[in-house]
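Below, each chain spelled out in residue letters.
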Amino acid sequence: MRSGRVRLDRAVVQGFYDRMRVVAPAAYGAIERDRADDPGRSFAETACGRLAGSLDGGGLRALGMWAHHWCMRFYDDDTRVGLRLVREIAGRGGLGWTADEVRWLLDQSYAAGPAAAHRFTLPLAAAAQLPPGALPEWRDGVPEWPRLLAG
C-alpha cells in the first residue's frame, strides 16, 4: 500500500481490459450510430439497445465497464448516448457484479473528478447488487476505504 491506496491485482485489472476490448468495437460503433440517429427512440430500438440485448450477464458487465470508462475519459465530449447506455445497464439487476469490478468502477469515477456529473451512476448501482459486506461501509455517501489504484 502506498499513499493510502489499495492495489487491485494486475491480472484482475488486465482481465477487465481484455473483456472490455472484446465489446469495445461493437460498443463504439453502436454509440456512433446512435449519435446520428433519433434521440427519442426507445432504448431497445437503438443500436446500443440491440447490442445490450444480445449479451449475457458477463458481456453486459463488460459493456457497462467499457461505456463507463469511455464516458469518464471523454466526459467533456457529447456523451449523452454513452450515458444513456450506462444508465440502462445500471438499471438492470442480477448481472453478477464482482467486488473487484465495483472497486474498479469506483476508482474510475473518483479519478474523473466532479466535472463528470454522472460518474457514480453505474458503480453505485453495481455496488447495490453485491452481497452485504462485500465492500466496506459508506458514511455520508463516501466509501470508507482508501482510493484504489488499478494495476
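Fair warning: this is a prediction, and the values are worked out from it, not measured in the lab.

Sorry, what's going on with the overall build of the protein here?
Counting its regular elements, the protein contains six helices and four strands. If you list the helices and strands of the protein from N to C, you get β-α-α-α-α-α-α-β-β-β. For the protein, the residues scored as buried account for 45% of the 151 residues in total. In the protein, once contacts between residues fewer than 6 apart in sequence are set aside, the share between residues at least 24 apart is 74%.

Please explain the confidence of the model for the protein as it appears in this structure.
The predicted coordinates ought not to be read in detail in places where the model reports low pLDDT. With 82% of its residues at a pLDDT of 70 or more, the protein shows a mean pLDDT of 84. Of all the helices and strands in the protein, strand β4 (residues 148-149) carries the lowest mean pLDDT, 48, while helix α2 (residues 47-53) carries the highest, 97. Here residues 1-5 is modelled with pLDDT under 50, and outside its nearest four sequence neighbours on either side it reaches nine contacts, counting other chains as well.

Hey, could you run me through the nonpolar core in this one?
Nonpolar side chains tend to gather and get buried jointly when the protein is soluble and globular. Membership of the largest hydrophobic core comes to 46 residues, with the highest contact counts inside it found for L63, W66, L85, I89, W97, V102 and W104. The element that contributes the greatest number of residues to this core is helix α3 (residues 57-73), accounting for nine residues. Apart from the residues within four sequence positions on either side, I89 is in contact with L60, L63, G64, L95, W97 and L122.

Can you help me understand the side chain of R119 in this one?
Relative to the helices and strands, R119 is located in the loop between α5 (99-112) and α6 (121-128). An unpaired buried charge is present at R119: no salt bridge exists, and D107, the closest side chain of opposite charge, is 11 Å distant. If we ignore the near neighbours within four places in the chain, the residues touching R119 are H68, M72, S109, A112, G113 and P114.

Is there a simple way to think about the state of the cysteines in this case?
Under the criterion given, the structure shown has zero disulfides. Distance from the sulfur of C48, which forms no disulfide, to the nearest cysteine sulfur (C71) is 9.5 Å.

Please explain the pattern of salt bridges as it appears in this structure.
When their charged atoms lie close together, side chains carrying opposite charge are able to pair. Enumeration over the complete set of coordinates arrives at six salt bridges. A salt bridge links D18 to R21, with the shortest nitrogen-to-oxygen separation between them at 2.8 Å. On the criterion of helical spacing, the pair formed by D18 and R21 is a turn pair, its members being three residues apart in helix α1 (residues 10-36). One salt bridge in this structure joins R41 and D37, with 3.4 Å as the shortest N-O distance. Judged by its relative accessible area of 32%, D37 falls in the partly exposed class. A cluster of three or more residues bridged by salt bridges with shared partners is formed by R19, R61 and E101.

Even after reading the chapter, I still don't get α5, so can you show me in this structure?
One full turn of an α-helix is made of 3.6 residues, so residues set three or four places apart face in the same direction. Here α5 spans 20 Å end to end across 14 residues, near enough to the 20 Å set by a 1.5 Å rise per residue. Among the 14 residues that make up α5, 10 are buried, leaving the element largely enclosed by the rest of the structure. Along α5, the residues that are buried comprise A99, E101, V102, W104, L105, L106, D107, Q108, S109 and A112. Just beyond α5, the residue with positive phi is G113, at close to 80°.

Is there a simple way to think about the packing of α3 against α5 in this case?
Geometrically, a packed helix pair is captured by the angle between its two axes and the distance between the axes. Packing of α3 against α5 brings their axes to within 9 Å, and their N-to-C directions diverge by 10°. Between α3 and α5, the angle is such that the two are roughly parallel. Contacts between α3 and α5 involve R61, M65, H68, H69 and M72 on the former and, on the latter, E101, W104, L105, Q108, S109 and A112. The class makeup of the residues in the contact of α3 with α5 is five nonpolar, four polar and two charged.

Conventions we followed
Residues numbered from 1 in each chain as written. Predicted model: local features only at pLDDT ≥ 70, side-chain atom pairs only at ≥ 80, totals over all residues. Heavy atoms only, no water. Helix = DSSP H or I, 4+ residues; strand = E, 2+ residues; numbered from the N terminus. Buried < 20%, exposed > 50% of the residue type's maximum accessible area, 1.4 Å probe, protein only. Contact = heavy atoms within 4.5 Å. pLDDT = per-residue confidence, 0-100. Core = buried A, V, L, I, M, F, W, Y, C linked by side-chain atoms within 4.5 Å. Lys, Arg positive; Asp, Glu negative; His and termini not counted. Salt bridge = Lys/Arg side-chain N within 4 Å of Asp/Glu carboxyl O. Disulfide = S-S within 2.5 Å. Expected span 1.5 Å × (residues − 1). Axes fitted to C-alpha atoms, helices over the stretch in contact; angles between N-to-C directions. Parallel < 35°, antiparallel > 145°, perpendicular 65-115°, else oblique. Nonpolar A, V, L, I, M, F, W, Y, C, P; charged D, E, K, R; others polar.

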